[in-house]
Amino acid sequence: MGYGDPLNSTNDLKDRSQTDLIARMLYSEARGESDQGRRGCGYVVRNRMAKNSSEFGGNSYSGVIL
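Calculation criteria
Residues numbered from 1 in each chain as written. Predicted model: local features only at pLDDT ≥ 70, side-chain atom pairs only at ≥ 80, totals over all residues. Heavy atoms only, no water. Helix = DSSP H or I, 4+ residues; strand = E, 2+ residues; numbered from the N terminus. Buried < 20%, exposed > 50% of the residue type's maximum accessible area, 1.4 Å probe, protein only. Contact = heavy atoms within 4.5 Å. Areas by Shrake-Rupley, 256 points an atom, 1.4 Å probe, with all protein chains shown as cover. Lys, Arg positive; Asp, Glu negative; His and termini not counted. Charge placed at Lys NZ, Arg CZ, Asp CG, Glu CD. Expected span 1.5 Å × (residues − 1). Core = buried A, V, L, I, M, F, W, Y, C linked by side-chain atoms within 4.5 Å.

Right, let's talk about the overall build of the protein chain for a bit. For the protein chain, the helix and strand inventory stands at three helices and zero strands. Moving toward the C terminus, one meets the helices and strands of the protein chain in the order α-α-α. Taken over the C-alpha atoms alone, the protein chain extends approximately 30 × 30 × 15 Å along its principal axes. When each of the 66 residues of the protein chain is scored for burial, the buried share is 20%. Across the protein chain, the fraction of contacts at a sequence separation of at least 24, relative to all contacts at a separation of at least 6, is 16%. By element, 45% of the accessible surface of the protein chain is carried by carbon and sulfur atoms, the whole surface being about 4,800 Å². If the 9 positive side-chain charges of the protein chain are averaged to one point and the 8 negative ones to another, these points end up 5 Å apart.

So, about helix α1 (residues 18–30). With 13 residues, α1 extends 17 Å from end C-alpha to end C-alpha; this agrees with the ideal 18 Å at 1.5 Å per step. All of the buried residues in α1 are Asp20, Leu21, Met25 and Ala30. Buried-residue contacts for α1 involve α2 (35–51) and α3 (61–65).

Before going further, it helps to examine the nonpolar core. Formed by Met25, Ala30, Cys41, Val45, Met49, Tyr61 and Val64, the largest nonpolar core amounts to seven residues. Within the residue set of this core, elements represented by two or more residues are α1, α2 and α3. It is α2 that contributes the most residues to this core, three residues altogether. Ignoring anything within four residues of it in the chain, the contact list for methionine 25 reads Ala30, Cys41, Val45 and Ile65.

What follows is the structure in structure tokens.
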């Protein structure tokens, strides 16, 4: 599957690159927001990853997003 291909289930997300996961998260969570709103959504994921807490999914983008 390439970037942007539709997925059939959440299991298809497990082997995606971090870039693809971030792009899909921003599209699904903030596609109707301004540039500032989309950046804010991205910062939330980055800050949760930097905190490295199991509550937020650990220290990887895929852990936090999934």
